[in-house]
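Structural overview for review
Now for the letters of each chain:
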Amino acid sequence: MKNLAPAIFPPKGIGNAKPANKAVLDWVHEIATLTQPENVFWCDGSEREHDFLIAESLGQNVLIELNQKKVPHSYLHRSSPNDVARVEQFTFVCTTTKQEAGPTNNWADPTETYAKLRELLAGAMRGRTMFVIPYIMGPADSPLAKIGFEITDSKYVVLSLRIMTRMGEIALKRLGNDPSAEWNRGVHSLLDVNPERRFICHFPQDNTIISVGSGYGGNVLLSKKCLALRIGSYLARKQNWMAEHMLILGVESPEGRKHYVAAAFPSACGKTNFAMLIPPEHFKGWKVTTIGDDIAWMRIRNGRLYAVNPENGYFGVVPGTSYKSNPNAMRSIAHDTIYTNVALTDDGDVWWEGKDGEPPAHAIDWRGNDWTPQSSEKAAHPNSRFTTPMGNNPALDPDVEKNEGVPISAIIFGGRRSDTAPLVYQALDWNHGVYLGATMASETTAAATGAVGRVRRDPMAMLPFCGYNIGDYFQHWLDIGKQLTDPPLIFNVNWFRKGADGKFLWPGFGENMRVLKWIIDRCEQSGGALKSPIGWLPSPHDLDLAELDIDRNAVDELLCIDHEEWQKEIAAHKEFFDSLGGVVPQELQKQREQLAERFRF
Ligand code: OXD
Ligand code: MN
């Protein structure tokens, strides 16, 4: 399968949605002069354009058509085997000074980096079509919405961005003619998809992103991690709002009382599953609805935090997705979906490890090789993905397009921890909650290249996504808290605690509703809890565990605080803060001392 493909030549009326804004035209001219494409294709987001691009992508082997009866309007893309995940080691934040990027980012000098990238981009689009994609992040008329333009030489990017953002004419309209309007400049070129020439570079002070050498979504759909999180977080601090790696869901009781909750989990820890949760039978009448599955943009309104999902689609991890783990995701990806790096069955369907039913007797694996259940290789890459419009989600929240966003009652932090962290607990107040977020840790997954299963600190699940100094980011959280008269309550959850036998203690998936219910009870001041050294902890009877097949000992283990483990944990917090080289706000140092102190009595 090819990622690199020669130029395409649209018929009249397609590819000519040239904007009127002079600043955009000048920038596109500058990039075209540098990259020397065969032609420039101005995207408008129309059906006609989409149909043309799909046909060309099939013709050029950029996409494979799936069985249209089984998965209508859906296609398979295979990325280069050297290009299947985000590359944190080649991701740079090029602020003017190293200090601004802080201790958790790879920093590179902006002048030198621009020069290096210009060299790589010189003539890079020769013989190819350069696409110009206008898009909006957030509901079109929201005060939180931002405009971006992405230039790319990949049709896969154009088609994916059409799903992931509000793309085309709508963005041109919102931008208008003002040459001084704020918009993000994104340049992407596949170059020759060579890991040695793969750089994902952010220039926050110029609202600019340049990504070269990759075709993998997390590196090249510049709207997502690059704009909505890295550049977004930088802008958010300057403009007094928040850009967070959080899902947003709505929970409605049978009586019609509704709360919205935002949750930050590291990559591939089940955010999409949680955002689309279906309550178990016992919770008949309760409804969970999705605002977003990955990113929340939040601002202060009437003393509360209001959130929008800046995205328009889901870019989710496929393996493990099934009617058992996430029926709403399965229904969402049953049509109008682009799959990347899953297996292709002999009847033109898609397959992956963890899908319902028996594995196929034969398939073509994600690399394009024959595969059988006896093969030692996985059929789908562990980080294979679906790209699907949020409109496909049967549980989409009716207020997802609300310009002012939805009010957030609770913020949940969570990670993948085999030990130490109980199933759920509540922070004592906002600042303590910021401490919970700042010291979050999780076992690593396949969403980024590198070792899997190692515990790493991942503050607010933003370690790979905070576009400035993490110490200033912590301070920004503390500062936002001071402006909230009705702040969300903050919680920590861990669905992944294991027993002595190495097995998960908690069933997870839909049963997480039981934890969510306790969180909602706490928001409504009706849920019971005990004050523990780490925060408010439910006792087993505070959780609704009716009709759940779980051992009483397992519940005790899930809720226990092991003093020895926590001594190690507090030492690890100190080690982490120390490793940041003095940028951690005094308030968080104080929180750590108070935590240690609470264990002494
Ligand atoms: C993602 C990620 O793709 O966090 O959402 O890596
Ligand atoms: Mn994510």
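Our subject is the structure that appears above.
Residues numbered from 1 in each chain as written. Chains lettered and ligands numbered in written order. Predicted model: local features only at pLDDT ≥ 70, side-chain atom pairs only at ≥ 80, totals over all residues. Heavy atoms only, no water.

Moving on to helix α4 (residues 110-121). Between its terminal C-alpha atoms α4 stretches 16 Å, which fits the 16 Å expected from twelve residues at 1.5 Å a residue. Residues P110, T113, L117 and L121 constitute the buried set of α4. Along the long axis of α4, the arc covered by the buried residues comes to 65 degrees, so they all point the same way. In α4, those exposed residues whose orientation departs by more than 90 degrees from the buried face are T111, E112 and E119. Summarising the contacts, the buried residues of α4 are in contact with α1 (22-35), β5 (106-107), β9 (184-189), β10 (199-203) and β11 (208-212). You can read the cap of α4 off the contacts: a side-chain oxygen lies 3.1 Å from the backbone nitrogen of T111, and it is on D109. (Helix = DSSP H or I, 4+ residues; strand = E, 2+ residues; numbered from the N terminus. Expected span 1.5 Å × (residues − 1). Buried < 20%, exposed > 50% of the residue type's maximum accessible area, 1.4 Å probe, protein only. Arc of directions from axis to C-beta. Contact = heavy atoms within 4.5 Å. Polar contact = N/O pair within 3.5 Å; in protein donor to acceptor, adjacent residues only side chain to side chain.)

Moving on, we come to the side chain of H476. Inspection of the secondary structure puts H476 in helix α12 (residues 470-482). In this structure H476 touches A236, R237, N240, W241, M242 and Y468, once residues within four positions along its chain are discounted.

This next bit is on the site of ligand 1. Lining the immediate surroundings of ligand 1 are nine residues, of which R86, K225, S267, D294 and R385 lie closest. Contacts to ligand 1 include R86, whose side-chain N or O atom sits 3.0 Å from an oxygen atom. Relative to its unbound accessible surface of 210 Å², ligand 1 loses 94% to contact with the protein. Among the residues forming the shell around ligand 1, the class breakdown is two nonpolar, two polar and five charged. (Near = heavy atom within 4 Å. Areas by Shrake-Rupley, 256 points an atom, 1.4 Å probe, with all protein chains shown as cover. Nonpolar A, V, L, I, M, F, W, Y, C, P; charged D, E, K, R; others polar.)

Taking 1.5 Å of rise per residue, the 13 residues of helix α2 (residues 47-59) would be expected to cover 18 Å, and the 18 Å separating its terminal C-alpha atoms lies within 8% of that figure. Every buried residue belonging to α2 is among E49, F52, L53, I54 and S57, and all of these are buried. After α2 finishes, the residue N61 shows a positive phi value of roughly 65 degrees.

Further remarks concern the packing of α2 against helix α5 (residues 155-164). For the pair α2 and α5, the least separation of the axes is 10 Å and the interaxial angle reads 145 degrees. α5 is crossed by α2, and the crossing has left-handed handedness. Here E47, H50, L53, I54, E56 and S57 of α2 come into contact with α5, specifically with K155, V158, L159 and R162. A breakdown of the residues in the contact of α2 with α5 according to their chemical character gives four nonpolar, two polar and four charged. (Axes fitted to C-alpha atoms, helices over the stretch in contact; angles between N-to-C directions. Left-handed = near helix turned anticlockwise from the far one by under 90°.)

Reading across from one edge, β21-β20-β22-β23 is the order of the four strands in this open sheet, with antiparallel pairing throughout. Strands at the two margins of the open sheet, each flanked by one partner only, are β21 (350-351) and β23 (370-371). Looking at chain direction, strand β20 (residues 343-345) and β21 are connected through two bridges and run antiparallel. Counted as the bridge partner of A343 is W351 from β21. (Pairing = 2+ DSSP bridges.)

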